[in-house]
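# Structure at a glance
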Amino acid sequence: MRLNKLFLILGKKGSGKTYYTIHTLIEQYRKAQPGKKILVYNTDDHPDYRYIPRIKPADLKRWSGAGLYRICDAATTDVLALINEYVYNGLVIFEDASKYINKRLQKSAWDSILNSKQHNLDLVFQFHGFAACPPEILRQCDVITMFRCDNPIYRREDLVEYEAVDAAWRKLMASKEDWPHRTVIVA
């Protein structure tokens, strides 16, 4: 896994996004990038992440060195601004971003995306589907991992590799697997 990528994970509630994030992305990242930071941000203290030590947003100012931490806080604008200002060299996962990033990207979220390369960060955004994802994220993402979700045709103009995404989505929806997912490298 290389730094400075924007990953998008799409899927309905209960489709496997969180399991995939924990057991694939976080574990692969820890092996490939030892000594780097990993931060999980969500607003509702998702039970699957409770094994990860919890920190307060203000602690980001003092975070140095490697580590895996999570922030659970509903003050999204403030938290995104702190992440943008203080988090460097690592991975930031925005768990269930549908709850706090709407279809029009807030300035603090947009700043985080724009500054991620200078901050040497990989960003992972989870949304419940294509319709919930802001067009700016669809246009900027490097990798899309889809679980069962809505049809991408409504976002055709926003997807850089629409035909590849659509083909993968069709295979995904036809799959008989229990927890199917498909990944498309966009950039």
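Residues numbered from 1 in each chain as written. Predicted model: local features only at pLDDT ≥ 70, side-chain atom pairs only at ≥ 80, totals over all residues. Heavy atoms only, no water.

The subject of this paragraph is the overall build of the chain. A count of helical and extended segments in the chain gives 5 helices and 7 strands. Helices and strands appear in the chain in the N-to-C order β-α-β-β-α-β-α-β-α-β-α-β. The C-alpha atoms of the chain give a radius of gyration of 16 Å, which matches the 16 Å a tight globule of 187 residues would have. Expressed along its principal axes, the backbone C-alpha trace of the chain runs to roughly 45 × 30 × 30 Å. Taken over 187 residues, the chain has a buried fraction of 52%. (Helix = DSSP H or I, 4+ residues; strand = E, 2+ residues; numbered from the N terminus. Rg over C-alpha atoms; globule rule 2.2 N^0.38 Å. Buried < 20%, exposed > 50% of the residue type's maximum accessible area, 1.4 Å probe, protein only.)

We now examine the environment of I137. Relative to the helices and strands, I137 is located in helix 4 (residues 135-140). I137 sits in the buried class, given a relative accessible area of 0%. It is 11 Å that separates the C-alpha atoms of I137 and I9, two residues lying 128 residues apart in sequence. Among all residues touching I137, those that are not within four sequence positions of it are L6, L8, L105, I113, F125 and F127. (Contact = heavy atoms within 4.5 Å.)

All buried positions along helix 2 (residues 76-86) are accounted for by T76, V79, L80, L82, I83 and N84. Lining the buried residues of helix 2 we find strand 2 (37-42), strand 3 (67-72), strand 4 (90-94) and helix 3 (107-115).

On to the side chain of K17, then. Along the chain, K17 falls in helix 1 (residues 17-32). Buried charge without a salt bridge: K17, with D96 as the nearest opposite-charge side chain at an N-O distance of 6.0 Å. Separated by 3.1 Å, the side chain of K17 and the backbone oxygen of K12 make a polar contact. In this structure, K17 is in contact with I9, L10, G11, K12, Q126, F127, H128 and F147, ignoring residues within four places of it in sequence. (Lys, Arg positive; Asp, Glu negative; His and termini not counted. Salt bridge = Lys/Arg side-chain N within 4 Å of Asp/Glu carboxyl O. Polar contact = N/O pair within 3.5 Å; in protein donor to acceptor, adjacent residues only side chain to side chain.)

This part is about the side chain of D122. Inspection of the secondary structure puts D122 in strand 5 (residues 121-127). Assessed through its relative accessible area of 0%, D122 is described here as buried. A polar contact is formed between the side chain of D122 and the backbone nitrogen of N4, at a distance of 3.0 Å.

Applying the stated criterion across every chain yields a total of 12 salt bridges. For E27, the salt bridge identified is with R30, shortest N-O distance 4.0 Å. Residue E27 and its partner R30 are located together in helix 1, separated by 3 residues, close to a single helical turn. Overall, E27 belongs to the partly exposed group, its relative accessible area being 30%. When the shortest N-O distance is used, the salt bridge between D158 and R139 registers 2.8 Å. Residue D158 is located in the loop between strand 6 (143-146) and helix 5 (162-174), and its partner R139 is located in helix 4; the two are separated by 19 residues in the primary sequence. Overall, D158 belongs to the buried group, its relative accessible area being 13%. A relative accessible area of 44% places R139 in the partly exposed class. The network of salt bridges with shared partners includes D45, R50, R54 and R70.

Honestly, that's just the spatial picture; any functional story needs more than this.
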